[in-house]
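Read off the chains here:
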Amino acid sequence: MNRRKFLIQGGAASAAVMASTSTLARAGFSFNSNKTINIGVIGTGDRGSGLIPFINEIENLNVYAFCDVIPFRLEKGLARTNGTAKGYTNYKDLLNDKSIDAVVIATTFSEHSKIAIDAVEAGKHVYCEKTLAKGYVGIHNLVAKVKRSNVIFQTGHQYHSSRLYTHVVKLIKDGKVGNISAFECQWNRHS
């Protein structure tokens, strides 16, 4: 399955789960099939702006606003909706917008847990891109905050859940690669 197809199907599946009345009822979200769910995208780099067209293909979802601290990235995000969305340079201003129901967090991962905690406190449903948080404290604080809330929280794990990685770990744990004296790894993106 290619990435585009995965994102569309995964987004549709996530939307279906979020739109299920039992899930939203548990989260205290009143939903009727005609309600448009307004999404705020925090971080409009490659990942955040790349999700925009897929979100807008899903019925009853609308990319309503963007936030980025880098002006050209914010402009890139706004251009993906033909200027129909609002733009913010401070994510807290976006979170204070009562028209926004949920947020996508696609910033640098060192900021994920802080922004996600603030989003949960603002009562926004959250889709947080991978990696969830930097360090145990960030993860612990975020999980604790979500458990005490009524929001729906989902995190993305594009590479961390790959069968390739779990297969290699199993080979190492089973002693099938011998004694490891050094390990070098690269990930080359964009050619």
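Our structure is the block above this text.
Report follows, based on the coordinates.

The rules behind these values
Residues numbered from 1 in each chain as written. Predicted model: local features only at pLDDT ≥ 70, side-chain atom pairs only at ≥ 80, totals over all residues. Heavy atoms only, no water. Helix = DSSP H or I, 4+ residues; strand = E, 2+ residues; numbered from the N terminus. Buried < 20%, exposed > 50% of the residue type's maximum accessible area, 1.4 Å probe, protein only. Contact = heavy atoms within 4.5 Å. Areas by Shrake-Rupley, 256 points an atom, 1.4 Å probe, with all protein chains shown as cover. Pairing = 2+ DSSP bridges. Axes fitted to C-alpha atoms, helices over the stretch in contact; angles between N-to-C directions. Core = buried A, V, L, I, M, F, W, Y, C linked by side-chain atoms within 4.5 Å. Right-handed = clockwise from strand over helix to strand, strands pointing away. Patch = residues over 30% accessible without salt bridge, like charges linked within 9 Å, V, L, I, M, F, W, Y side chains within 5 Å. Salt bridge = Lys/Arg side-chain N within 4 Å of Asp/Glu carboxyl O. Parallel < 35°, antiparallel > 145°, perpendicular 65-115°, else oblique.

## Considerations on the overall build of the protein chain
Step number 1: Helix and strand content of the protein chain: 8 helices and 6 strands.
Step number 2: Shown N-terminal to C-terminal, the secondary structure of the protein chain runs as helices and strands in the order α-α-β-α-β-α-β-α-β-α-β-α-β-α.
Step number 3: For the protein chain, the proportion of its 191 residues judged to be buried stands at 36%.
Step number 4: Of the contacts made within the protein chain by residues no fewer than 6 positions apart, 60% connect residues no fewer than 24 positions apart.
Step number 5: Per element, the accessible surface of the protein chain, about 11,800 Å² overall, is 54% carbon and sulfur.

## What to know about the sheet that holds strand 6 (residues 153–155)
Step number 1: Spatial ordering of the open sheet is given by 3-2-1-4-5-6, a layout of 6 strands whose pairing is parallel. Of all the strands in the sheet, the pair left with one neighbour each is strand 3 (86–88) and strand 6. Taking the axes of each pair of neighbouring strands and ignoring which way they run, one obtains an average angle of 20° across the sheet.
Step number 2: Sheet analysis places strand 1 (residues 37–42) next to strand 4 (residues 102–105), joined by 4 bridges and oriented parallel.

## Re the nonpolar core
Step number 1: Counting 23 residues, the largest nonpolar core has Ile42, Leu94, Leu95, Val103, Ile105 and Val126 as the members making the most contacts within it.
Step number 2: If you list the elements that add at least two residues to this core, you get strand 2 (61–67), helix 5 (91–95), strand 4, helix 6 (112–121), strand 5 (125–128) and helix 7 (136–147).
Step number 3: Sort the elements by how many residues they give to this core and helix 6 lands first, with 5 residues.
Step number 4: Ignoring any residue separated from it by four or fewer positions in sequence, one finds leucine 95 in contact with Ile42, Val103, Ile115, Asp118, Ala119, Ala122 and Lys124.
Step number 5: In terms of nonpolar packing, the next biggest core, distinct from the first, is built from 14 residues, Ile39, Ile55, Val63 and Val104 among them.

## Remarks on the pairing of strand 1
Step number 1: Burial runs high along strand 1: 6 of the 6 residues are buried.
Step number 2: Every second residue of strand 1 is oriented toward a common face, with Ile37, Ile39 and Val41 on one face and Asn38, Gly40 and Ile42 on the other, all of them buried.
Step number 3: In this view, the connection linking strand 1 to its parallel neighbour strand 2 by way of helix 3 (residues 46–56) has right-handed handedness.

## Some points on a nonpolar patch on the surface
Step number 1: On the surface, Leu164, Tyr165, Val168, Ile172, Val177, Ile180 and Phe183 cluster together into a nonpolar patch covering about 640 Å² of accessible area.
Step number 2: Here valine 168 lies in helix 8 (residues 163–173).

## Remarks on the side chain of threonine 44
Step number 1: Note that threonine 44 resides in the loop between strand 1 and helix 3.
Step number 2: By relative accessible area, which is 0% here, threonine 44 ends up buried.
Step number 3: Those residues in contact with threonine 44 that lie beyond four places of it in its chain are Ser49, Phe66, Cys67, Asp68, Arg73, Leu74, Lys76 and Gly77.

## Describing the pattern of salt bridges
Step number 1: One pass over the structure, following the stated rule, counts 7 salt bridges.
Step number 2: As a salt-bridge pair, glutamate 129 and arginine 47 come within 4.0 Å of each other at their nearest N and O atoms. With glutamate 129 in the loop between strand 5 and helix 7 and arginine 47 in helix 3, this pair connects stretches of sequence that are 82 residues apart.
Step number 3: The class for glutamate 129 is buried, based on a relative accessible area of 5%.
Step number 4: Two residues, lysine 145 and glutamate 121, come together in a salt bridge whose shortest N-O distance is 2.9 Å. A residue pair is termed long-range when its members are at least 10 positions apart, and lysine 145 in helix 7 and glutamate 121 in helix 6 qualify at 24 residues.
Step number 5: Judged by relative accessible area, which is 53%, glutamate 121 ranks as exposed.

## A word on the packing of helix 6 against helix 7
Step number 1: Axis separation between helix 6 and helix 7 bottoms out at 9 Å; the angle between their running directions is 10°. Looking at the two axes, helix 6 sits roughly parallel to helix 7. For the pair helix 6 and helix 7, contact is made by Ser113, Ala116, Ile117, Val120 and Glu121 and by Gly138, Asn141, Leu142, Lys145 and Val146, respectively.

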